[in-house]
Amino acid sequence: HQDLQNPFLFQAAALHCDVVSVNNYNVWTEAELNARYDVWATTNKPFLIGEFYAQASDAGLPNSLGAGFRVFTQQDRADYFENFTLTTLKNKSSVGFQYFEYKDTPLDPADPTKGDNKGLLDVEYRWWEPMRQSFTEIGQDVYRLREYL
């Protein structure tokens, strides 16, 4: 993930694709996101965020794997989601984003380091309520937000 601010990487990719797709991790603030987006804009190609997520410790899972942020609560995850998506929607080179992933990974009795809270749903297919609220608010207004921002 260190190369996500390397303009030469994106300029080379842009020679061979119509849209640059990126898994965007390890940035939280609007300034950090915009610094990356500014580098990607040098390609004059639109970009698509293929993955981003945060994991919360209140889920009771190890959350030891993956590149997403580790936060304390489900509300923190929802706040991260809203900040990330609103900042991305402001950037006119962005053509979309996809949250990773649909459902949490359950604990693995054979390996206590496995199991994570990356999902919109828990391991029993129930919504994490703060994520449902944020996902719904952004999703139902995504086009109007894009116009407004």
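Residues numbered from 1 in each chain as written. Predicted model: local features only at pLDDT ≥ 70, side-chain atom pairs only at ≥ 80, totals over all residues. Heavy atoms only, no water.

Remarks on unusual backbone geometry
And step 1. Glutamate 101 follows phenylalanine 100 through a cis peptide bond whose omega is 20 degrees.
And step 2. Locating glutamate 101 in the fold gives a position in the loop between β5 (94-97) and α4 (129-140).
And step 3. In this structure, asparagine 44 is a non-glycine residue whose phi angle is positive, near 60 degrees. (Helix = DSSP H or I, 4+ residues; strand = E, 2+ residues; numbered from the N terminus.)

Some points on the environment of lysine 114
And step 1. Along the polypeptide, lysine 114 turns up in the loop between β5 and α4.
And step 2. Along the sequence, lysine 114 and leucine 33 sit 81 residues apart, while their C-alpha atoms lie 29 Å from each other.
And step 3. Every residue in contact with lysine 114, bar those within four places of it in the chain, is listed here: Pro62, Leu65, Pro106, Leu107 and Asp108. (Contact = heavy atoms within 4.5 Å.)

Things to note about the side chain of asparagine 91
And step 1. In this structure, asparagine 91 sits in the loop between α3 (74-90) and β5.
And step 2. Under the relative-accessibility criterion, asparagine 91 is labelled buried at 12%.
And step 3. Look past the residues within four positions of asparagine 91 in its chain and what remains in contact with it is Tyr37, Phe47 and Arg146. (Buried < 20%, exposed > 50% of the residue type's maximum accessible area, 1.4 Å probe, protein only.)

Here's the deal with the environment of lysine 118
And step 1. By the element assignment, lysine 118 lies in the loop between β5 and α4.
And step 2. Given the relative accessible area of 10%, lysine 118 is considered buried.
And step 3. Apart from residues no more than four positions distant in its own chain, lysine 118 is found in contact with Tyr53, Ala54, Gln55, Leu65, Gly66, Arg77, Tyr99, Phe100, Glu101 and Asp104.

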